[in-house]
Amino acid sequence: MGTGDCFSPLNRRPFLTKNCAICWSNVTTGQGQAIFTAECSHSFHYPCIANNVQHGNLCCPICRAKWDKNNVPFQVPPLQQNNLGAHGFADDEPLPFTSPAQSSVPQNVTIKTHTETSAIPAADSRPQYPVLVSICAPPLQDPDGEVRTPIDLVTVLDVSGSMQGQKLHLVKQAIKFVIENMGSSDRLSIVSFSTNSRRVLPLRRMTVDGRESAIEAVESLVAGGGTDIAEGLKKGTQVLEDRRQRNPVASIILLSDGQDNYCRSPSQMLKKLPASIRSSDMQHEIPVHTFGFGNDHDAKIMHAISEESRGTFSYIESVGMIQDAFALCIGGLLSVVAQELRLTVRSASHGAKIVSIPSGRYVSQISDDGSQGLVDIGNMYAEEVKQFLVYLLVPQSSASETKTSLVDVLCVYRDLASNEFIQLQSGRVEISRPQFCSPTELAVCLEVDRQRNRLLVADAIGEAQRLAEMGNLEGAREILTQRRETLLASAAAKAGDSLSNMFETELKEIRDKMASMKLYEEAGRAYALAGMSSHSRQRASARGNAEGSCLAMKGRKQLATKAAGRASGGRGVAVTLAAGGFGGKGGPKGKRSAMDHLVAAMGDSDEDDDMGFALCDGGSFDGGNDVHRGAFETPAMVRMVQKSQQKNQSK
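Please read these numbers as outputs of a predicted model, since none were measured by experiment.

What counts, and at which threshold
Residues numbered from 1 in each chain as written. Predicted model: local features only at pLDDT ≥ 70, side-chain atom pairs only at ≥ 80, totals over all residues. Heavy atoms only, no water. Helix = DSSP H or I, 4+ residues; strand = E, 2+ residues; numbered from the N terminus. Contact = heavy atoms within 4.5 Å. Areas by Shrake-Rupley, 256 points an atom, 1.4 Å probe, with all protein chains shown as cover. Core = buried A, V, L, I, M, F, W, Y, C linked by side-chain atoms within 4.5 Å. Buried < 20%, exposed > 50% of the residue type's maximum accessible area, 1.4 Å probe, protein only. Polar contact = N/O pair within 3.5 Å; in protein donor to acceptor, adjacent residues only side chain to side chain. Salt bridge = Lys/Arg side-chain N within 4 Å of Asp/Glu carboxyl O. Pairing = 2+ DSSP bridges. Axes fitted to C-alpha atoms, helices over the stretch in contact; angles between N-to-C directions. Phe/Tyr/Trp six-rings, centres within 6.5 Å; stacked < 30°, edge-to-face > 60°. Lys NZ or Arg CZ within 6 Å of the ring centre and 35° of its normal. Left-handed = near helix turned anticlockwise from the far one by under 90°. Nonpolar A, V, L, I, M, F, W, Y, C, P; charged D, E, K, R; others polar. Expected span 1.5 Å × (residues − 1).

1. Some thoughts on the overall build of the protein chain
Helix and strand counts for the protein chain stand at 16 helices and 22 strands. Long-range contacts, defined as pairs at least 24 residues apart, comprise 76% of the intrachain contacts of the protein chain with a sequence gap of at least 6. Here the protein chain has roughly 25700 Å² of accessible surface; of this, 47% comes from carbon and sulfur atoms.

2. Some thoughts on the nonpolar core
By size, the foremost hydrophobic cluster in this structure holds 54 residues, and its most contacted members are Ile190, Leu255, Ile322 and Phe326. With residues up to four places along the chain from it excluded, the contact list for Ile190 reads Thr155, Leu157, Ile175, Arg198, Arg199, Val200, Leu201, Ala214, Ala217 and Val218. Ala230, Ala523, Leu529 and Ala530 belong to the second largest nonpolar core, which has 53 residues in total.

3. Structural notes on the environment of Ser541
Assignment of secondary structure puts Ser541 in the loop between α13 (517–537) and β19 (542–543). Once the C-alpha coordinates of Ser541 and Glu633 are considered, the two residues, 92 residues apart in sequence, prove to be 8.6 Å apart. Engagement of the side chain of Ser541 in a polar contact is seen with the backbone oxygen of Phe313, the distance being 3.4 Å. A polar atom in the side chain of Ser541 sits 3.2 Å from the backbone oxygen of Ala530.

4. Description of the pattern of salt bridges
According to the stated counting rule, one finds 30 salt bridges in the structure shown. Across the pair Asp186 and Arg148 runs a salt bridge whose closest N-O atoms are separated by 2.4 Å. Taken together, the residues span a long stretch of sequence, with Asp186 in the loop between α2 (166–180) and β6 (187–193) and Arg148 in the loop between β4 (126–136) and β5 (151–158) at a distance of 38 residues. For Glu180, the salt bridge identified is with Lys647, shortest N-O distance 3.2 Å. In this pair, Glu180 is assigned in helix α2 and Lys647 in helix α16 (residues 635–650), connecting sequence segments 467 residues apart.

5. Some remarks on the sheet that holds strand β12 (residues 353–356)
Pairing in this open sheet of 4 strands is antiparallel, and the strands run β3-β4-β15-β12 from one edge to the other. Among the strands making up the open sheet, the edge pair consists of β3 (110–115) and β12. Across this sheet, the average inter-strand angle for adjacent strands is 35 degrees, counted without regard to direction. Across 3 bridges, the pairing between β12 and strand β15 (residues 385–394) is antiparallel. Bridge assignment links Ile354 to a residue of β15, and that residue is Leu392. In this fold helix α9 (residues 446–469) packs onto β3, β4 and β15, with an angle of close to 100 degrees to the strand it touches most, β15.

6. Quick word on the packing of aromatic side chains
Using the criterion set out here, one finds 2 aromatic pairs in the structure. Between Lys167 and the ring centre of Phe293, over which it is positioned, the NZ or CZ distance is 5.9 Å. Against the face of Tyr527 rests Arg543, its NZ or CZ located 5.0 Å from the ring centre.

7. Describing the pairing of β15
With 9 of 10 residues buried, β15 is to be regarded as a mostly interior element. Note that β4 and β15 share 9 bridges and pair antiparallel. Within the sheet, the bridge partner assigned to Cys136 lies in β15 and is Val385.

8. Some details on the packing of α9 against α13
Between α9 and α13, the shortest axis-to-axis distance is 10 Å and the interhelical angle comes to 145 degrees. Crossing geometry of α9 relative to α13 is assigned as left-handed. Seen from α9, the contacting residues are Arg454, Val457, Ala458, Ile461, Gly462, Gln465, Ala468 and Glu469; seen from α13, they are Met517, Tyr520, Arg525, Ala528, Leu529, Met532 and His535. Here the residues of the contact of α9 with α13 are counted per class, giving 9 nonpolar, 3 polar and 3 charged.

9. Notes on the side chain of Ser160
By the element assignment, Ser160 lies in the loop between β5 and α2. Judged by its relative accessible area of 1%, Ser160 is buried. In this structure the side chain of Ser160 is engaged in a polar contact, spanning 2.7 Å, whose partner is the side chain of Asp158. The contact partners of Ser160, leaving out residues within four places of it in the chain, are Phe193, Ser194, Ala223, Gly224, Gly225, Gly226, Thr227 and Asp257.

10. Some details on unusual backbone geometry
Its identity is not glycine, yet Glu383 carries a phi of approximately 65 degrees, on the positive side. As for its placement among the helices and strands, Glu383 is situated in the loop between β14 (372–381) and β15. Not every positive phi belongs to a glycine, and Gln538 is a case in point at roughly 50 degrees. Relative to the elements of secondary structure, Gln538 occurs in the loop between α13 and β19. Using a relative accessible area of 3% as the deciding quantity, one classes Gln538 as buried.

11. What about the pairing of strand β17 (residues 420–425)?
Two elements, strand β16 (residues 403–415) and β17, share 6 bridges in a ladder whose sense is antiparallel. Note on β17: the bridge partner recorded for Cys411 is Leu424.

12. A word on helix α4 (residues 229–241)
Here α4 is 13 residues long and its end C-alpha atoms lie 18 Å apart, about the 18 Å a rise of 1.5 Å per residue gives. Of all the residues in α4, the buried ones are Ile229, Ala230, Gly232, Leu233, Lys235, Gly236, Thr237, Val239 and Leu240.

13. Description of the environment of Glu420
Structurally, Glu420 is set in strand β17. Look past the residues within four positions of Glu420 in its chain and what remains in contact with it is Tyr413, Arg414 and Asp415.

Here you go:
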């Protein structure tokens, strides 16, 4: 992504003694607004502080002094937890009057294109000619501050009997980490479920008081009973549906460790899901990011929920890894820069037609007899990249033509910095049509071939998983072996492309987890489904014991074991997990990982930003432990995982 396409960061407005600490506007008298001066001498606009106190906040937002409720001119209601009145859950805490993300300067998404070759002989036609289209999101204006898009987040947590002890302790720790990293404009609600569901915390802003209330709610969680995922999701969805006010981004995080007692199949579960999280309408998108905890959860149901709602499915094999897995997810959710993004590709010449656009789980369509193709992408995280191969029918060229115009590419999206819709168009994609082509002109573009390999791997995982579910593990392993051989014969693999090598490793790891039905049911199914989820959305998800991502670091096993020991005084089990990455297995001392080869091969390339996969950016923390960025991981995700790892190490 070119640096010229990014706007300058906004400066955060400093708090002044004559400004209201809630809305940051001036509190000077004589401006037509009522002003409240507290017993601690700090002043606020009356409506601002009234909204604050309405939710039980009796602390000064500036000095944290406790106010006597008898000395404030407000009615202070008790904190409402799970009272579902006539208006449902329409008791969300009001939003601040100004949003920290608003800016008059739009953030620029960029479009990049690559053709498979630089030329096609004039006398030749191509029935399936690929053009790679890359959509690149801009960076955050202020990565370390609150100048970003605020979010409404609901965590739906399994507190059934199987969550007792160490599991629940680590879940509480992970949710506290989420609370600590949300800003004062973000809002959080907590829903727990077992046999029944309960809203433990209404949708509250994560101010100092809001965080205190959220932590109290987390500490109140107690495990017991059965598992009814649908009831938990219904209540979590209702919290968002009944909101009186709405932050621009909304999402649900769902965690479960067991089999659902009321739905035995994905189809049964999907029938029970609220319509709002099954909607394909980008304007009302509420993705559910699901986390399957341990080896006993129903991976098929959790994966189906995430796919239906445009979310991701993560597999947490080790209890000690849950905080880092949550960190990876919220690192993305707290960095949304664009919404309702739609990619449009149009034929640019007579005879050139769009044949297909493999788009994973993104809705796509081709219309006007191949003249136009659309892909609905929805929201994008900061510095996230989405790549699509557009396959074209390219006809023969007449003798008078030196070039053939292939396609025009444009996208429309809502920029969250300015809250405006922006239309962006790239230059026309053309290709040379000489009478004869040189070997250089016919050389395959590695960016195109790399994406073709990724689609090959994604299809192989899906087909192998389908066969495994039918009990045909031999057929599943054969599919993975065949696709591995096809991948190794590709131009990118022969050129030593490290990402293609990582794809090969991914196929091998999944094949190994299909060695027996017992192993497949314990780990292989969830591992494969998490990989399918990551590929289908081109978005990072945690999974199993893969390596090569920011979640894999030295000392991981010791950290997880230490955390487990604190919770129960017993023995903890730890494994490494990756976020949509395709890392190779660790080898003996002196041997390099797949990610190390990737950095060595691609670190000096000018094309790194076109790859569509986040590469290792070097960097280290805490004694020089390597920090990796796996496939689909963004810088914001990496930073949040680093925070989680540092927090664990400091304990």
